[in-house]
Amino acid sequence: MDRLFRPRPRQFLTRRLAGGLTALLLALLPVLARAQGDAALYDRPTLVVDPGQHTAMINRASADANGRFVVTGSDDKTVRVWSLDNGALLRSIRVPAEPGNVGKIYAVAISPDGAVIAAGGSTAGQGRSKNLYLFDRASGALIKRIAGLPNTVLHLVFSPDGRRLVATLGGGGGLRLYDRAAGWAEVGRDTEYGDSSYDAAFSRDGRLATTSYDGRIRLYGLALGRPLVRQTQAGKLPLGAAFSPDGSRLVVGFDDTVAVEILDGRSLVRQPGPDTSDLGNGDLSKVAWSMDGSTLLAGGRYGLGDGNRPVVAWSGAGWRDRRLLPAGQSTIMTLAPLAGGGLLVASADPFLARLEADGKRRWVRASSNADFRGQQSSLAVSADGMQVDFGYEAGSKPSVRFDLRSLRLTASPRDGVTVPPRQDGLPIRDWKNHGTPTFHGAPLPLLSLERSRSLAVETGGQGFLLGSDWRLRSFDARGTLRWSRPIPGTVWAVTISGDGRLAVAAYGDGTIRWHRMDDGRELLAFMPRVDRANWVAWTPEGVYAATPGARGALKWHVNRGWDAAADVVPVAEFPNFFRPDALPLVLREMETARALGLANMAALREAVRRRTGTTPGARLHVLTVGIDDYGDRAKGLKLRYAAKDARDVMAALDGEQGTPYGKVLSQTVTDKDATRAGILDALHALRDRMRGGDPTQDLAVLLFSGHGAMIDGEFHLIAHGVDPLRPSQMAASSLSLSELRKQLGLLAERGRVLLLLDACQSGAAGGVPAVDAKALSTALAGSNITVITSSGFGEKSYESSRWGHGAFTFALLEAFGKAADTDHNGMISVSELVAHLARRIPGLTDGAQSTGMEMRYEADLFAAGL
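Trainee: Just checking my understanding: could you explain the overall build of the protein chain for this structure?
Mentor: For the protein chain, the count of helices and strands is eleven helices and 62 strands. Put simply, the protein chain has 866 residues, and 58% of those count as buried. Considering only residue pairs separated by 6 or more positions, the protein chain has 53% of its internal contacts joining residues 24 or more positions apart. Of the charged side chains in the protein chain, 103 are positive and 90 negative, and the gap between their average positions amounts to 5 Å.

What follows is the structure, encoded as structure tokens:
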């Protein structure tokens, strides 16, 4: 039995111990606990975004007795002090923190006189004892660290006289009692709790009530001896508790129901309470009484159909009329009554507001973050990950595009360049806002109380990503965990780039972050501000770009040991870290160091250009043609992904700007523009752009994605506007082999040529002779021309929703990543490209499609990691 006790003199305690060695260990316990808490505090600076308000959910709020100050604690690892009068931010305090969860503040309280702030939460790593911090409100200095707690602090409350502080703990750790007169030393504890305790409340005369997920309410008397314990009846998971001002009643809110239970404040006998049977959703887990006791207040996950989560207020101390008071759009975390009938409301948005007695807002500190809730199926990303479409409000469709190449925010054109996550193709069930997602009927590994929130299935069903409240996880096609990453906030949406290299996730802290698909390592983060004008983007190393209104928001968090508040240093104080030129290269290179090197090379070229008027180095010329729509007379030829293939290949090769090419010049022709004349015009323009270049270094890449067919014994690239029922017109409206060979020869006089022909017997042009891909590639190749065809003799070129591309383009985009760089020299050579396509395409199509090729030169073509 380890109920609340007061430490006795040492001689009393040691009479019960077996010998001097045990007594020595008892004396060393505080030292050992402190050493355990001190172990391995993260000693490197960590990047944080601090725009002068919370960027992650507010977990708790507390006000002093005189109505001057409000203190809040958040998942953003800060404790913030606000003016209760006007909501102005007075101070931000950063606790010792580490990457991951360490530093998140789950509990705060301010002493009645406003002098001391207590804060606790995830204050040490897994398996280590936890800390409780006491700060001086006026200076922000750490007064004391209380170490050695066995579990996370979930709630803190000062006694009405400010002399005592109670901390309730997770995991059945019970509660601890600290005394101000004893230098905030522990003077009592109760460890006989069956589960976590999320709330504690003092009555004005000093009695203490606590809740616990073990389903029990505990009431301690003035002497803090053995408690009176009662099982709750209205719900199984009691969370919030509050005494009425006169102490005669205790209201309890629950995490598993909208029911509210009222108990006698001394006997815990159940009393009649408000009728909540018609409310029907969420919970009313946070409860309070107005200062005069006339109004009962409750809130939590209960919400209205419009997405708002109001405070429910009952007059007549809970037995009369009910009204709704406005709050935020996320779970209400704290209700704190104020003098004069006002109310302080904090919710997870993050949202903080002071309401007057009539429910009107005196001031509001609403979230400055984009809210990605409800965008699980709409967050969209381009094939190379360089463009992402999102919405600013919960549940909104993508309305804005951020382009990493141009570093610009624009209205989303909805042009098909970006695509939302795939969420079918694998037997995954109950993944959306659910605690028990399954794969093939078996539960996926989530932590207790964790909920899955988002899903993205890899192209081809090779695996999937599952986002949750606490982790981003990658699984293979058998449901086996590949990696798991801690996260800065709930993963409200996640998707995978079309080339399969990048996971792009939208988080509860208002950021969108790019991760490597192979191991989950973060490459880049982006935070748009709700003013729809400002943003900041950065790498884990601190290389960043930002609009003028957001440059000061990025800071280095620096720990100063366990026994001091942490410092912050604005990244803007280091001018060399502002590198908007390097940021677009990070996703291509999949690392920051190489991106910086390439950016520096590009800067040198630009310096030469400014001085000489021309850019040194080789040039890359790209022309991609993709046709899905062949016109009204050729609806039977319609394809699904050819135009997208052309756009995505062009976008990937645009990333070569900087190295090994000093300049990239590109053009895409699709659908109605891809007539015979339109294609020839584009080839002529390409040849003009190559004039005056270096024939030994410049490279022209041509991709044709569409139908090809034999007409009157000669191969033709089928163009838009053909009439399949009139063979003579079809030939005249298409591009013949002889014409294509002529155009390639003219280009080869001005540089190397790589022809990527995804048009060999596409399948929809049936009833025509089979194409001999080997003969075709041989006929088109030349001394400076290498040809790769998408399929072999008589084979079809396949496209599928599994890939979101044609098989040829899907494998090609993979190769532009690092998949083809088999010698790991950072470059993709002709032979490496050919080898990857020859290996990958048969694998994608179960052997139904293979490549044809004719290599006429060997050289490095592209930087790996496009």
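Trainee: Can you walk me through the packing of aromatic side chains in this structure?
Mentor: Remark: the centre distance and the inter-plane angle together describe each pair of aromatic rings, the angle taken between the planes. Evaluation of the coordinates by the stated rule reveals 14 aromatic pairs. Between tryptophan 556 and phenylalanine 577 the ring centres are 6.2 Å apart and the planes differ by 85 degrees, which places this aromatic pair in the edge-to-face class. With tryptophan 556 in strand β48 (residues 554-558) and phenylalanine 577 in the loop between β49 (567-570) and α3 (583-589), this pair connects stretches of sequence that are 21 residues apart. Three or more aromatic residues joined by ring pairs form one cluster here, namely Phe372, Phe390, Tyr392, Phe402, Phe526 and Trp535. Directly above the ring of phenylalanine 578 sits arginine 551, whose terminal nitrogen or CZ lies 3.7 Å from the centroid.

Trainee: Help me understand unusual backbone geometry, please; the structure alone is not making it clear to me.
Mentor: Keep in mind that most residues, glycine aside, have a negative phi and that most peptide bonds are trans. The omega torsion of the bond from aspartate 349 to proline 350 falls at 10 degrees, within 30 degrees of zero and hence cis. Mapped onto the elements, proline 350 comes out in the loop between β27 (343-347) and β28 (351-355). Positioned with a positive phi, aspartate 430 is a non-glycine residue whose angle comes to about 55 degrees. Mapped onto the secondary structure, aspartate 430 falls in the loop between β35 (428-429) and β36 (438-439).

Trainee: So what exactly am I meant to see when it comes to the packing of helix α5 (residues 642-654) against helix α10 (residues 807-819) here?
Mentor: Two measures define how a pair of helices packs: the angle their axes make with one another and the distance between the axes. Put simply, α5 and α10 touch, their axes get as near as 10 Å, and they point 10 degrees apart. In terms of orientation, α5 lies roughly parallel with respect to α10. Here Asp645, Asp648, Val649, Ala652 and Leu653 of α5 lie close against α10, whose contacting residues are Thr809, Leu812, Leu813 and Phe816. Residue composition of the contact of α5 with α10, grouped by class: six nonpolar, one polar and two charged.

Trainee: Could you clarify how one ought to interpret α5 in this entry?
Mentor: Spanning 13 residues, α5 covers 18 Å between terminal C-alpha atoms, matching the ideal 18 Å at 1.5 Å per step. α5 sits mainly inside the fold: ten of its 13 residues count as buried. Those residues of α5 not exposed but buried are Ala642, Ala643, Lys644, Asp645, Ala646, Asp648, Val649, Ala651, Ala652 and Leu653.

Trainee: So what exactly am I meant to see when it comes to the pattern of salt bridges here?
Mentor: Counting across every chain of the model gives 39 salt bridges. Linking aspartate 85 and arginine 362 is a salt bridge whose minimum nitrogen-to-oxygen distance equals 2.6 Å. Placement of aspartate 85 in the loop between β4 (78-83) and β5 (89-94) and of arginine 362 in strand β29 (residues 361-365) is noted, with a sequence separation of 277 residues between them. Owing to a relative accessible area of 44%, aspartate 85 belongs among the partly exposed residues under this scheme. By sharing partners, the salt bridges in this structure join Asp50, Asp76, Arg80 and Arg94 into a single network.

Trainee: Can you walk me through a nonpolar patch on the surface in this structure?
Mentor: On the surface, Leu447, Leu449 and Trp470 cluster together to form a nonpolar patch covering roughly 310 Å² of accessible area. For leucine 447, the location among the structural elements is in the loop between β37 (442-443) and β38 (452-457).

Trainee: So what exactly am I meant to see when it comes to the packing of α10 against helix α11 (residues 830-844) here?
Mentor: Packing of α10 against α11 leaves a shortest axis separation of 9 Å and a crossing angle of 135 degrees. Relative to α11, the element α10 is oriented oblique. The handedness of the crossing between α10 and α11 comes out as right-handed. Of α11, the residues touching α10 (which contributes Ala807, Phe808, Phe810, Ala811, Leu812, Glu814, Ala815 and Ala819) are Leu833, His836, Leu837, Arg839, Arg840, Ile841 and Leu844. Considering only residue class, the contact of α10 with α11 consists of eleven nonpolar, one polar and three charged.

Trainee: What am I meant to see in the sheet that holds strand β6 (residues 104-110) here?
Mentor: Strand pairing in a sheet is mediated by backbone hydrogen bonds. Such pairs are either parallel or antiparallel. Taken in spatial order, the four strands make up an open sheet running β6-β7-β8-β9, and their pairing is antiparallel. Two strands close off the open sheet at either side, each with one partner strand: β6 and β9 (142-149). Between one strand and the next, the sheet's axes are offset by a mean angle of 20 degrees, whatever the strand orientation.

Trainee: Help me out: how do you make sense of the sheet that holds β5 in this one?
Mentor: The sheet built from four strands is open, its strands ordered β2-β3-β4-β5 with antiparallel pairing. Bordering the open sheet on either side are β2 (58-63) and β5, each of which pairs with just one other strand. Direction aside, the axes of adjacent strands within the sheet are offset by 20 degrees on average.

Trainee: Even after reading the chapter, I still don't get helix α8 (residues 737-748), so can you show me in this structure?
Mentor: It helps to recall that an α-helix has 3.6 residues per turn; residues three or four apart then point in one direction. Compared with an ideal rise of 1.5 Å per residue, which puts twelve residues at 16 Å, α8 spans 16 Å between its outermost C-alpha atoms and is within 8% of the ideal. Of all the positions in α8, only Leu737, Glu739, Leu740, Gln743, Leu744, Leu747 and Ala748 are classed as buried.

Trainee: How do you make sense of the side chain of threonine 232 when you look at a structure like this?
Mentor: Summarising the element assignment, threonine 232 is placed in the loop between β17 (228-231) and β18 (238-243). Polar side-chain contacts of threonine 232 include one of 2.7 Å to the backbone oxygen of glycine 235. Residues within four places of threonine 232 in sequence aside, it is in contact with Gly215, Ile217, Pro238, Phe254 and Glu261.

Thresholds, definitions, all that
- Residues numbered from 1 in each chain as written.
- Predicted model: local features only at pLDDT ≥ 70, side-chain atom pairs only at ≥ 80, totals over all residues.
- Heavy atoms only, no water.
- Helix = DSSP H or I, 4+ residues; strand = E, 2+ residues; numbered from the N terminus.
- Buried < 20%, exposed > 50% of the residue type's maximum accessible area, 1.4 Å probe, protein only.
- Contact = heavy atoms within 4.5 Å.
- Lys, Arg positive; Asp, Glu negative; His and termini not counted.
- Charge placed at Lys NZ, Arg CZ, Asp CG, Glu CD.
- Phe/Tyr/Trp six-rings, centres within 6.5 Å; stacked < 30°, edge-to-face > 60°.
- Lys NZ or Arg CZ within 6 Å of the ring centre and 35° of its normal.
- Axes fitted to C-alpha atoms, helices over the stretch in contact; angles between N-to-C directions.
- Parallel < 35°, antiparallel > 145°, perpendicular 65-115°, else oblique.
- Nonpolar A, V, L, I, M, F, W, Y, C, P; charged D, E, K, R; others polar.
- Expected span 1.5 Å × (residues − 1).
- Salt bridge = Lys/Arg side-chain N within 4 Å of Asp/Glu carboxyl O.
- Patch = residues over 30% accessible without salt bridge, like charges linked within 9 Å, V, L, I, M, F, W, Y side chains within 5 Å.
- Areas by Shrake-Rupley, 256 points an atom, 1.4 Å probe, with all protein chains shown as cover.
- Left-handed = near helix turned anticlockwise from the far one by under 90°.
- Pairing = 2+ DSSP bridges.
- Polar contact = N/O pair within 3.5 Å; in protein donor to acceptor, adjacent residues only side chain to side chain.

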